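Analysis of the macromolecular model
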Amino acid sequence: MSFTEPAARQSSADFRWPQDKDEPWLARAATLDGDVPQYFLVSARCGCFMQAARSLNVRSTLLRKQLAQLEQQLQCALFSFQGSALSLTREGQQLQAQLIALAHERKLPVIEQPLIKLAVAESILHDILGRDLIALLRRNASVRLEIIALDSELALRAVSADIVLWLAHGDTPHPGPTFTTSEPQRLAQLEYQPHIAKRYSRVTARPESPDDLADFMLVQWQHDRQIDSFRPWNELVEQRLAGVVQMQSYELMLEMIRCSACIGLLPMYMSRFDRGLVALPGLFEEAMRLQAWLAVNSESQEVGEVQTLVELIQRTFSERQEWFQ
């Protein structure tokens with residue numbers, strides 16, 4: 001995976017060359033070599049230099065330089081801007097048709113990208129890793145990535161992936177993936193506390209003991225019922241005869257806490273992720289915590305794209321170390 005960079009939009013005034021009425025330049029299309037024909041065709045198809053660079057996994061500056069050299073070589077303008085929209089000139093349309101015809105004749109193969117499978121605990125995917133993954137995909141539009149959200153221990157044991165990022169209680173990575181992996185790396189320890197939205201709770205009226213929760217609705221993510229570390233919270237929820245909602249969706253549980261005056265169990269870092277949420281410490285004497293573990297499939301650990309993704313995950317957790325303290 002290569003990383004692209006933004007480039008300023010270039011105006012049509014930068015692409016002005018003398019026009020040759022006989023258009024002998026068109027015959028040169030068959031002699032173009034290297035990646036230039038593909039750079040031109042992808043740019044023409046996308047109608048955006050930045051998107052074309054993402055699709056090709058090249059820097060936009062390199063793409064623009066190659067296209068400028070192509071116009072210099074052919075002595076004609078191929079692109080023009082109409083307002084903010086990039087379009088082909090008449091010569092650009094002719095070159096596009098010629099190159100497409102040549103591509104059909106040559107039957108140029110599509111370069112297949114390796115499929116990378118990332119299995120990650122659903123809460124980590126949503127709260128910690130999601131933004132950096134989106135940023136990676138913005139820069140690299142041709143990658144083949146399958147993201148598998150792990151929402152249960154059963155899903156973790158059944159999954160087959162190149163990279164696995166999961167949560168486990170205790171000091172060991174078990175239970176973990178069932179296939180052979182590299183030595184699991186512990187990325188962080190996550191502490192959990194009940195949380196409530198600030199707008200629904202005045203500081204002087206916030207609950208300070210489990211009995212104080214009687215006047216609040218509780219919301220529980222169903223996945224948390226399986227976790228031994230959450231026994232104090234789970235027992236409280238199970239004892240409820242009213243005022244409790246159980247959710248299959250992690251995101252919907254978060255919305256219930258944000259918007260419905262519910263109290264739910266969340267990692268302590270949530271007040272950094274969402275400033276509108278506040279933890280309620282001291283309700284339970286017993287600590288509730290999980291460990292975040294990372295492992296790589298032994299058969300995939302030498303693949304360059306896998307190594308790049310592993311480095312992104314490690315960097316993301318390193319940059320957020322203060323979240324877990």
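Please refer to the structure placed before this passage.
As the structure is a prediction and not an experimental result, all values here were calculated from the model.

With respect to helix 10 (residues 304–319)
With 16 residues, helix 10 extends 22 Å between its outermost C-alpha atoms, agreeing within 8% with the 22 Å of an ideal straight helix rising 1.5 Å per residue. Every buried residue of helix 10 is accounted for by Glu305, Val306, Thr308, Leu309, Val310, Leu312, Ile313, Thr316 and Phe317. Of the surrounding elements, those touching the buried residues of helix 10 are strand 3 (115–121), helix 5 (122–139), strand 4 (144–150), strand 5 (163–168), strand 6 (185–197) and strand 11 (289–296).

Section: the nonpolar core
Judged by nonpolar contacts, the single largest core of 59 residues is most densely connected at Leu165, Trp233, Met253, Ile313 and Phe317. One finds Ala52, Leu63, Leu88 and Leu99 within the second-largest nonpolar core, a separate group that totals 26 residues.

Side note on the environment of Ala261
With respect to the secondary-structure elements, Ala261 resides in the loop between helix 8 (250–259) and strand 9 (262–267). According to the relative accessible area criterion, Ala261 is partly exposed, its value standing at 29%.

Quick word on empty space enclosed by the protein
All chains considered together, the criterion is met by one cavity of 30 Å³ or more. Its volume calculated, the largest cavity comes out at about 330 Å³. Around the largest cavity, the lining is made up of 24 residues, and of these Leu167, Ala168, His223, Ile227 and Leu290 lie nearest the centre. Of all the secondary structure elements, the ones that give two or more residues to the lining of the largest cavity are helix 5, helix 6 (153–158), strand 5, helix 8 and strand 9. Ranked by residues supplied to the lining of the largest cavity, first place goes to strand 5 with three residues. Across the lining of the largest cavity, the residue classes break down as 16 nonpolar, five polar and three charged.

Section: the pairing of strand 7 (residues 217–221)
Most of strand 7 is tucked away: four of the five residues are buried. In this sheet, strand 9 lies alongside strand 7 in parallel orientation, the contact comprising three bridges. Across the sheet, Leu218 pairs through a bridge with Ile263, a residue of strand 9. Where strand 7 lies against strand 8 (residues 244–247), four bridges are found, and the strand directions are parallel. Each bridged residue has a counterpart across the sheet, and for Trp221 the counterpart in strand 8 is Met247. Handedness of the crossover joining strand 7 and strand 8 through helix 7 (residues 231–239): right-handed.

Thresholds applied
Residues numbered from 1 in each chain as written. Predicted model: local features only at pLDDT ≥ 70, side-chain atom pairs only at ≥ 80, totals over all residues. Heavy atoms only, no water. Helix = DSSP H or I, 4+ residues; strand = E, 2+ residues; numbered from the N terminus. Expected span 1.5 Å × (residues − 1). Buried < 20%, exposed > 50% of the residue type's maximum accessible area, 1.4 Å probe, protein only. Contact = heavy atoms within 4.5 Å. Core = buried A, V, L, I, M, F, W, Y, C linked by side-chain atoms within 4.5 Å. 1 Å grid on protein atoms, 1.4 Å probe; cavity = no way out; pocket = protein on both sides within 12 Å on 5 of 7 lines; lining within 4 Å. Points joined across faces, edges and corners; volume = space filled by probe spheres on them. Nonpolar A, V, L, I, M, F, W, Y, C, P; charged D, E, K, R; others polar. Pairing = 2+ DSSP bridges. Right-handed = clockwise from strand over helix to strand, strands pointing away.

All we've got here are geometric facts, nothing functional implied.
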